[in-house]
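Summary of the model geometry
The residues making up each chain are set out below.
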Amino acid sequence: MRVRKNFDAPVRSVVATSKPRTGEQSANIDIGPNATRTTKINLEKWLGKGIDPWVWATVGQLRVLHESGTRSPATLILYSENGMRSFFRFLIDRNITIQPDELNDKVIADYVGWLKAQPGTKTINQGSKYAQAKTVLVELQGRGIAGGTRQSFPRNPFPGSQSTIVGEKSLSVGERTRVADALRKDIVAFHKGTFGVSESHGLVVHILALALRTGLNPSSMLELGRDCLKPHPLMPNMMLLQAFKRRGNGTHLKGLRFSESRANPTSIPMDGVGLLSLILKRTEKLVVDAPAHYKDRVWLHQKEGGLGIGEVTAIKSDALILKTQAFIQRHDLRADDGTPLRLNLSR
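As the structure is a prediction and not an experimental result, all values here were calculated from the model.

Calculation criteria
Residues numbered from 1 in each chain as written. Predicted model: local features only at pLDDT ≥ 70, side-chain atom pairs only at ≥ 80, totals over all residues. Heavy atoms only, no water. Helix = DSSP H or I, 4+ residues; strand = E, 2+ residues; numbered from the N terminus. Buried < 20%, exposed > 50% of the residue type's maximum accessible area, 1.4 Å probe, protein only. Contact = heavy atoms within 4.5 Å. Polar contact = N/O pair within 3.5 Å; in protein donor to acceptor, adjacent residues only side chain to side chain. Expected span 1.5 Å × (residues − 1). Core = buried A, V, L, I, M, F, W, Y, C linked by side-chain atoms within 4.5 Å. Phe/Tyr/Trp six-rings, centres within 6.5 Å; stacked < 30°, edge-to-face > 60°. Lys NZ or Arg CZ within 6 Å of the ring centre and 35° of its normal.

So, about the overall build of the protein. Summing up its helical and strand segments, the protein has ten helices and eight strands in all. Across the 347 residues that make up the protein, the buried fraction comes to 46%. Here the analysis covers contacts within the protein between residues at least 6 apart in sequence; of these, 61% occur between residues at least 24 apart.

In structure tokens, the structure reads:
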């Protein structure tokens, strides 16, 4: 599908190894409302431990990545809390006081050895920490802040880490049929008022149904805008679903087909356009009361409990995970081998 690039993404922050004299001076990075519940990345806790130049360089680099829009907030959180957190711990544990521009092959090799020596850490976790820290460090090398080059990083220091990951296989024909049948039952009940579960659970059912048709990743799906449906320039029985694509800083277009049942106002359309149109119409009344950062979101609902009950919010990644599991349990969905079905947006 076509990807429209935005080459004018603003990049305002400066990457440096000391506290900025002007502008944003905090080591807290505001990443705003997003598909996760984390709105700030806090690196203040690492200051005063002998690695301040590394902390400030990382703060600046993460800000630049956030402002460019090329990484999702969830990815930036991983870079900070998984990757650079491990690198900072390594520097402190080994009492390494070098400046960022003194980074070299030996320090990186020592970091790899330190990761391998961590008790109770699986190869998969070692590999992910290394890869995420490497991403930030290579970005700093590209800016002339960190020493060394990309070649300073061993290509595969954790052999087998990828094979350790149990990949999500595509659903079999039988599994996909059972999921589709369960989704159909929930969708019909939801729109007929006989669902018996909360509104947010119903929204997640529609997210799963749309995922089966589009293959969108969770962040793109949860951040869909209310004007996401666009006319197809060539196919009158299709529309385009416009989703924001972080990498490449552009929009991604997916074709969605109309169903003939849309001509019948008493039926419940199961095609992608019909399902999304129903949700847009159902949530329209919530837009006026939604916070500014959620007004353009599709998956709006009122908080159903706890602090701020009744306030308008949007489905987030943790709710998507929990309510997908609830959907599986509600219908006792099983894999072909009889075990509880594993289901997420990647399948």
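Its place among the elements puts Thr 58 in helix 1 (residues 52–68). By relative accessible area, which is 0% here, Thr 58 ends up buried. Among the polar contacts made by the side chain of Thr 58, one reaches the main-chain carbonyl oxygen of Trp 54 at a distance of 2.8 Å. Non-local contacts of Thr 58, meaning those with residues more than four positions away in its chain, are made with Leu 43, Met 84, Phe 88 and Val 136.

Turning our eyes to something else, we now look at unusual backbone geometry. With phi around 55°, Asn 95 is a residue other than glycine that occupies positive phi space. Take Asn 95: it is sitting in the loop between helix 2 (73–93) and helix 3 (105–117). One non-glycine residue, Asp 332, adopts positive backbone phi at about 50°.

Between its first and last C-alpha, helix 9 (residues 272–283) extends 17 Å over twelve residues, near the 16 Å set by a 1.5 Å rise per residue. Residues of helix 9 that are buried: Gly 272, Val 273, Gly 274, Leu 275, Leu 276, Ile 279, Leu 280 and Thr 283. One side-chain oxygen at the N-terminal end of helix 9 lies 3.2 Å from the backbone nitrogen of Val 273; it belongs to Asp 271.

Attention shifts here to the nonpolar core. Within the largest apolar cluster, 43 residues are counted, with the highest numbers of intra-cluster contacts made by Val 179, Met 221, Leu 224, Leu 276, Trp 299 and Phe 327. Of all the secondary structure elements, the ones that give two or more residues to this core are helix 6 (173–192), helix 7 (199–214), helix 8 (218–222), strand 5 (238–245), helix 9 and helix 10 (317–330). Per element, the largest residue contribution to this core is nine residues, and it comes from helix 7. If sequence neighbours within four positions are ignored, Val 179 has contacts with Leu 171, Leu 212, Phe 327, Leu 333, Leu 341 and Leu 343. The next biggest cluster of nonpolar side chains, apart from the first, holds 42 residues, and it includes Val 59, Phe 88, Val 112 and Ile 145.

Okay, the environment of Leu 212 next. On the secondary structure map, Leu 212 appears in helix 7. Note: C-alpha distance between Leu 212 and Ala 180 (32 residues apart in sequence) is 8.5 Å. Apart from the residues within four sequence positions on either side, Leu 212 is in contact with Leu 171, Arg 176, Val 179 and Leu 183.

What follows deals with the packing of aromatic side chains. Under the counting rule described, the total for this entry stands at nine aromatic pairs. With 5.7 Å between their ring centres and 85° between their planes, Phe 190 and Phe 195 make a pair best called edge-to-face. Its relative accessible area of 5% is what places Phe 190 among the buried residues. Cluster of aromatic residues (ring-pair linked, three or more members): Trp 54, Phe 87, Phe 90, Tyr 111 and Trp 114. A cation over an aromatic ring shows up here: Lys 116 above the ring of Phe 158, its NZ or CZ 5.6 Å from the ring centre. Seen from the ring of Phe 190, Arg 282 lies directly overhead, with NZ or CZ sitting 3.9 Å from the centre.

Its location among the elements puts Gly 83 in helix 2. Overall, Gly 83 belongs to the buried group, its relative accessible area being 0%. Sequence spacing of Gly 83 and Leu 137 is 54 residues, and the spatial spacing of their C-alpha atoms is 9.9 Å.

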